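# Summary of the model geometry
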Amino acid sequence: MSLRRVSVFGATGSIGQSTLDLIGRAPDHYNVVALTAGRNVAQLAEDARRFKAEVAVISDESLLPELRLALQGCSTEAAAGVLALNEAASRPVDWVMSAIVGAAGLEPGLKALEQGATLALANKESLVTAGKLLLKTAAENGARVLPVDSEHSAVFQALVGEDISAVERVIITASGGAFRDWPVERLKQATVAQASSHPNWDMGQRITIDSASMFNKALEVIETHEYFGFLPDQIEVLIHPQSLVHALVGFQDGGLMAHLGAPDMRHAIGYALHYPKREKLPVARLNLAEIGQLDFAAPDIERYPALALANTVMERGGLSGAVFNVAKDAALDAFIAGQIGFTQMSEVVEEVLDLLLPDNGLIDAPMNLDNLRHATQLGQSTTAQVMRATKAI
Ligand code: NDP
């Protein structure tokens, strides 16, 4: 049996570690080529040694001496910086996990697709900011992008063997985050600590706060539009506090296919790792008799204004996703730093979209890396300007 050559980008993060957990359960099946991290030298070096990786890349170049020291005596090559990241992504592999957080995940993903690898995509920002570029690069190189976000993996699985033109609607579920039961008037006072606790999923702080504000769901709605090509009015969001039904696909005969599973990212990661096969995965099995009840409710747009902003982005298209993503990230940074309040995040993003999306060459510009950088810079400077004018809490 030939070994599958795999790389994990963002190996030290939550998704990266879950991916290595699965790979580590069948080490004889894989040849680990590249592992990468942002700054966490200790974890990167430990995993590089354990998996005998060909190369370990740390993004922060100042940490290269530390990485070299940590890898002394083992065969793994140490490298650092964006160029090294792109070089590692260009090494021929069969499968790559794209789990770098933020815009930094896009270029390595494109490089991996250019050499024909299957890209398991957790990095939402790639699809939201540059979905068309990503899918075009995959098509041109005979490569494949497989979704790893749990909702999109669920939709993908519900569509296996189906005719996509028979799909009427797609429903992605949302737990409702930390504040789903709070009175809307109280949200203005929500603190960073309160927003950082998720009722069901154990995730990083940023994505947890994005769940409370539903900016995370807004990103996922845009991802659904970009990846599957469904129209904005075909995509619905449904509050489902238990987080056991991840998505449903509704067909033109009225049937709904639902995907259920424990809230454990190793399911979606494992599905993408073994696709098109299904292999045994170490995730909890649901006992529906014990669970007894599944609840659903329509989301309240007053509580979750980010959902309306996702519709604006999908309707405008072009480079709107890049502006939305950068404005959302800057507003989140400002909330975490105590500069703006919880509800001001969506107000800031809305104002940036209002200012930039009518034109500014962002809608019709061809989608390439230069134009994406331009849209990102414009989004950053406009968000900073809006935030300076925003009355802080
Ligand atoms: P984490 O923050 O846990 O991990 C991010 C990874 O990216 C780490 O390896 C980190 O390195 C690395 N990194 C951070 N900044 C940079 C940079 N500038 N350049 C290169 N590498 C960098 O994130 P998650 O694992 O939670 O999420 C990864 C992606 O998957 C995100 O896009 C997220 O939205 C998405 N996602 C996450 C889910 C989850 O359940 N966690 C669910 C679905 C999607 P270091 O450790 O050194 O900082």
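You'll find the structure just up there.
Residues numbered from 1 in each chain as written. Predicted model: local features only at pLDDT ≥ 70, side-chain atom pairs only at ≥ 80, totals over all residues. Heavy atoms only, no water.

## Remarks on the overall build of the protein chain
What counts here: Helix numbering and strand numbering both begin at the N terminus, where a helix is a DSSP run of H or I of at least 4 residues and a strand a DSSP run of E of at least 2. The globule rule is 2.2 Å times the number of residues to the power 0.38, and the radius of gyration it is compared with is taken over C-alpha atoms. Exposure is judged per residue with a 1.4 Å probe applied to protein chains only, and the accessible area is read against the type maximum: over 50% gives exposed, under 20% gives buried, and values in between give partly exposed. The Shrake-Rupley method, run with a 1.4 Å probe sphere, supplies the accessible areas, and residue values consider only the shown protein chains as cover. Neither His nor the chain termini are counted; the positive set is Lys and Arg, and the negative set is Asp and Glu. By convention, the point assigned to a charge is CZ for Arg, NZ for Lys, CD for Glu and CG for Asp.
Helix and strand counts for the protein chain come out as 16 helices and 11 strands. On C-alpha atoms alone, the protein chain measures out to a radius of gyration of 21 Å, which is about the 21 Å that the 2.2 N^0.38 rule sets for 393 residues. The buried share of the protein chain, reckoned over its 393 residues, is 53%. Roughly 17,200 Å² of accessible area belongs to the protein chain as shown, and the carbon and sulfur atoms make up 51% of that amount. Taking the 31 positively charged and 46 negatively charged side chains of the protein chain as two groups, their mean positions are separated by 6 Å.

## Concerning the pairing of strand β5 (residues 95-98)
Filter applied, for reference: If DSSP finds at least two bridges between two strands, the strands pair. By the criterion used throughout, a crossover qualifies as right-handed when its path from the first strand across the helix to the second strand runs clockwise, the strands pointing away from the viewer.
Burial of the side chains of β5 extends over both faces: Trp95 and Met97 are buried on one face and Val96 and Ser98 on the other. With four bridges connecting them, strand β1 (residues 4-9) and β5 associate as parallel partners. Counterpart to Val8 in the pairing with β5 is Met97. The sheet contact formed by β5 and strand β6 (residues 118-121) spans four bridges and is parallel. Residue Trp95 lies in a different strand from β6, and its bridge partner there is Thr118. Once you follow β5 into helix α5 (residues 106-114) and on to β6, the crossover reads as right-handed.

## Focus: the pattern of salt bridges
Quick reminder of the rule: Whenever Lys or Arg places a side-chain nitrogen within 4 Å of a carboxyl oxygen from Asp or Glu, that contact is recorded as a salt bridge.
By the definition in use, this model includes 22 salt bridges. Notably, a salt bridge pairs Arg91 with Glu77, separated by 3.0 Å at the nearest N-O pair. In this pair, Arg91 is assigned in the loop between α4 (82-89) and β5 and Glu77 in strand β4 (residues 77-80), connecting sequence segments 14 residues apart. Judged by its relative accessible area of 14%, Arg91 is buried. Given a relative accessible area of 39%, Glu77 falls into the partly exposed group. As a salt-bridge pair, Asp370 and Arg373 come within 3.1 Å of each other at their nearest N and O atoms. Separated by three residues within a single helix, Asp370 and Arg373 lie in helix α16 (residues 369-389), roughly one turn from each other. What makes Arg373 partly exposed here is its relative accessible area of 42%. Look at the salt bridges and you will find they share partners, linking Arg5, Glu54, Glu77, Glu87 and Arg91 into a network.

## What about the sheet that holds strand β10 (residues 245-251)?
As a reminder, the rule being used: Note on method: axes are straight lines fitted to C-alpha atoms, helices fitted across the in-contact stretch only, with angles between N-to-C directions ranging 0 to 180 degrees. Here, residues are in contact when the closest pair of their heavy atoms is within 4.5 Å.
Spatial strand order, β9-β8-β10-β11: four strands in an open sheet with mixed pairing. Every other strand in the sheet has two partners, leaving β9 (235-239) and β11 (256-260) as the edge strands with one partner each. In this sheet, adjacent strand axes meet at a mean angle of 20° when their direction is disregarded. Bridge count between β10 and β11: five bridges; the pairing is antiparallel. The partner of Gly250 across the bridge, within β11, is Leu256. Packing against the sheet, helix α10 (residues 215-228) makes contact with β8 (167-174) and β9, and its axis sits at approximately 155° to β8.

## Focus: the packing of helix α7 (residues 150-158) against α10
The test is simple: If you view the pair so one helix is near and one far, a crossing is left-handed when the near helix is turned anticlockwise from the far one by less than a right angle, and right-handed when it is turned clockwise. When residue character is reported, Ala, Val, Leu, Ile, Met, Phe, Trp, Tyr, Cys and Pro are called nonpolar, Asp, Glu, Lys and Arg charged, and the others, Gly included, polar.
For the pair α7 and α10, the least separation of the axes is 10 Å and the interaxial angle reads 35°. Seen along the crossing, α7 lies across α10 with a hand that is right-handed. Along its contact with α7, which presents Glu151, His152, Val155 and Phe156, the element α10 presents Lys217, Glu220, Glu223, Thr224, Tyr227 and Phe228. Per-class residue counts for the contact of α7 with α10 are four nonpolar, two polar and four charged.

## So, the site of the ligand
What counts is decided by this rule: Distances are taken per atom, and a residue is near a molecule or strand as soon as one of its heavy atoms is within 4 Å of it. Whenever two N or O atoms come within 3.5 Å, that pair is a polar contact, provided that in protein one can donate a hydrogen and the other can accept it, and provided that, for residues adjacent in sequence, both atoms are side-chain atoms.
Near the ligand there are 23 residues, and of these Thr12, Gly38, Arg39, Asn40 and Asp149 occur at the shortest range. The contact in question runs from an oxygen atom of the ligand to an N or O atom on the backbone of Val101, over 3.4 Å. Coverage of the ligand by the protein chains reaches 79% of its 900 Å² of free accessible surface. Looking at the shell around the ligand, the elements that each hand over two or more residues are α1 (14-24) and α6 (124-140).

## Some thoughts on the sheet that holds β6
With parallel pairing, the seven strands of this open sheet are ordered in space as β4-β3-β2-β1-β5-β6-β7. Each edge of the sheet is formed by a strand with only one pairing partner; in this case those strands are β4 and β7 (144-147). In this sheet, adjacent strand axes meet at a mean angle of 20° when their direction is disregarded. Along the sheet face, α4 touches β1, β2 (30-37), β3 (55-58) and β4 and points at about 145° away from the line of β3. On top of the sheet, helix α11 (residues 266-274) reaches β1, β2, β5, β6 and β7; it is set at about 155° to β5, its chief contact.

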